[in-house]
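Letter by letter, the chains look like this.
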Amino acid sequence: MTVSNKYPTAHYRALDAAHHLHPFSDTRALNAEGTRVIVKGEGVWLTDSEGNRILDGMAGLWCVNIGHGRPEIAEAVNRQMAEISYYNTFFKTTHPPAVDLAALLQSVAPAQFNRVFFTGSGSESNDTVVRMVRTYWATLGKPDKQIIIARRNAYHGSTMAGASLGGMKPMHAQGGLPIPGIHHIAQPYWFDEGGEMSPDDFGVWAAEELGRAIDALGEDKVAAFIAEPIQGAGGVIIPPRTYWPTVARILKERDILFVSDEVICGFGRLGRWFGSEHFGTEPDLMPIAKGLSSGYLPIGGVMVSDKVAHVLEETGDFNHGFTYSGHPVACAAAIANLTIIRDEKLVERVADDIGPYLQAKWRALADHPLVGEARMEGLMGALELVPDKRSRRRFEGDGKVGLLCRDISFRNNLVMRATRDSMIISPPLVLSHDEADELIRLATLTLDQTHAELKRQGLMG
Ligand code: PXG
């Protein structure tokens, strides 16, 4: 196979180790092992610098919804660069790509959303959310409504506000987080935290944590509740079916804003344009990123409902924005991407075709001796690896088995992500039936090899 790298892998590894600090990585350990060098992407396939063809089961980082290497995006970007490659959207100015993308988003979003505030990433979107919801209440004469309720083990980004909203303990342990005014409640993770309750009872209990928190903090102090429809980075945590209806009821009874973080679940991942539609909730704000451009260029935003937008009109200046808010080239990439998603009916495809097809095969992996639960909604799925499938007890070692399985998966040329001992997939929405079969074949092989290794180590219970 022809590979596109000019130099041998060792060259990139050495320079990478010397000069490049990687996100969420133990630098010393990573450099001792050496990075994987990815040189090409086409559809659901990646090619590394050794010429290996790898099935991208994670769509990059939950974002490449239309698959890699679509020339339409390159052409749109090229055309836009030739027109105007950068101008800002501050100071009474706009440009056609920002306008066209805003209008296109309005056409696919739920009815209450007619406006968008552009950012450069999901994290910036959630920083925007924090300032926006607090400004909303201040404008209404309720400046004490400041607290934002989020959930433990949620992921909302890596900036100070994003990581504070997120409920990741290892992130809070570094850099003085969380910022004040964030309150975390239980996550609807039945497999790990449901105890003796049935999933349905646990779903109601976890949802009622929200009501109890609002009452304890005081409704006059709480600005908003933020949640992902399905927690992605937390481990594809699909709430019990009782969870979202109970949350919706609690939100109806209480005067706080609801923020649906659609950074992963938006743009077709769950078979609807937005994850909130899949679960029937009615958000006031929706942070978006990732699938907005399928990751071809960095861009994010916050979809703002009429209810919030009308109040912000009374605020006067909203003193917030980024150099790259509405970046024309990123907007052009996003327009071309959304056009592909719409015209190729990728959202419908997840709902009616590849979604059900892959789900059936993925759920059947629950029969494997290493798997305690196999769950999937839309095109995001998880496998819970356990030593004894008759109980939900975990392996000792806090995620070591997940990392072992992930490394074996890489060796088998399938990208799966490990969250503790859960194996995660979130493939591009263009995955074909044959590719889905191949994904399942490689996942099964990986489970078999991991199982054999754990048996050899005497770790299967
Ligand atoms: N919200 C959600 C729900 C996310 O998943 C962000 C916000 C932040 O987006 P940016 O564009 O600032 O990264 C995310 C990002 C992982 C992983 O390991 C997940 C994300 C980012 C990096 C790693 O699963 N999600």
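Residues numbered from 1 in each chain as written. Predicted model: local features only at pLDDT ≥ 70, side-chain atom pairs only at ≥ 80, totals over all residues. Heavy atoms only, no water.

Topic: the overall build of the protein
Thinking step 1. In terms of regular secondary structure, the protein is built from 18 helices and 14 strands.
Thinking step 2. The C-alpha atoms of the protein give a radius of gyration of 22 Å, which matches the 23 Å a tight globule of 461 residues would have.
Thinking step 3. When the backbone C-alpha atoms are referred to their principal axes, the protein occupies close to 65 × 60 × 45 Å.
Thinking step 4. Scored against the burial criterion, the 461 residues of the protein give a buried share of 54%. (Helix = DSSP H or I, 4+ residues; strand = E, 2+ residues; numbered from the N terminus. Rg over C-alpha atoms; globule rule 2.2 N^0.38 Å. Buried < 20%, exposed > 50% of the residue type's maximum accessible area, 1.4 Å probe, protein only.)

As for the packing of helix H4 (residues 71-83) against helix H14 (residues 328-343)
Thinking step 1. Look at H4 against H14: their axes get within 8 Å of each other, and the N-to-C directions meet at 150°. The handedness of the crossing between H4 and H14 is right-handed. Contacts from Glu72, Ile73, Ala76, Val77, Gln80 and Met81 of H4 reach H14 at Pro328, Val329, Ala332, Ala333, Ala336, Asn337 and Ile340.
Thinking step 2. Classifying every residue of the contact of H4 with H14 by side-chain character gives ten nonpolar, two polar and one charged. (Axes fitted to C-alpha atoms, helices over the stretch in contact; angles between N-to-C directions. Left-handed = near helix turned anticlockwise from the far one by under 90°. Contact = heavy atoms within 4.5 Å. Nonpolar A, V, L, I, M, F, W, Y, C, P; charged D, E, K, R; others polar.)

Considering the sheet that holds strand S14 (residues 422-425)
Picture the strands of a sheet paired through backbone hydrogen bonds; they go either parallel or antiparallel.
Thinking step 1. As summarised here, the arrangement of the four strands in space is S11-S12-S14-S13, forming an open sheet in which the pairing is antiparallel. Bordering the open sheet on either side are strand S11 (371-377) and strand S13 (417-419), each of which pairs with just one other strand. On average, each strand axis in the sheet is tilted by 20° relative to the strand beside it, whichever way the strands run.
Thinking step 2. Note: S11 against strand S12 (residues 380-385), six bridges, orientation antiparallel. Note that in S12 the partner of Arg375 across the bridge is Ala382. (Pairing = 2+ DSSP bridges.)

Focus: the packing of aromatic side chains
Thinking step 1. On inspection of all chains with the given rule, the structure shows 13 aromatic pairs.
Thinking step 2. Between Phe225 and Phe258, the aromatic rings sit 6.1 Å apart at their centres with planes inclined by 20°, giving stacked as the arrangement. Remark: Phe258 occurs in strand S8 (residues 257-260) and Phe225 occurs in strand S7 (residues 222-227); sequence separation between them is 33 residues.
Thinking step 3. Its relative accessible area of 2% is what places Phe258 among the buried residues.
Thinking step 4. Taking 5.9 Å as the distance between ring centres and 50° as the angle between the ring planes, the aromatic pair formed by Trp244 and Phe258 counts as tilted. Note that Trp244 is positioned in helix H11 (residues 243-253) and Phe258 in strand S8, a separation of 14 residues in sequence. Taken as a pair, Trp244 and Phe258 share a single burial class, namely buried.
Thinking step 5. Taken together, the ring pairs connect Phe225, Tyr243, Trp244, Phe258 and Phe279 into an aromatic cluster.
Thinking step 6. In this structure, Arg36 packs its charged tip against the face of Phe410, placed 4.7 Å from the ring centre.
Thinking step 7. In this structure, Arg392 is placed above the aromatic ring of Trp190, and the distance from its NZ or CZ to the ring centre is 3.8 Å. (Phe/Tyr/Trp six-rings, centres within 6.5 Å; stacked < 30°, edge-to-face > 60°. Lys NZ or Arg CZ within 6 Å of the ring centre and 35° of its normal.)

Taken by themselves, the reported measurements are silent on function.
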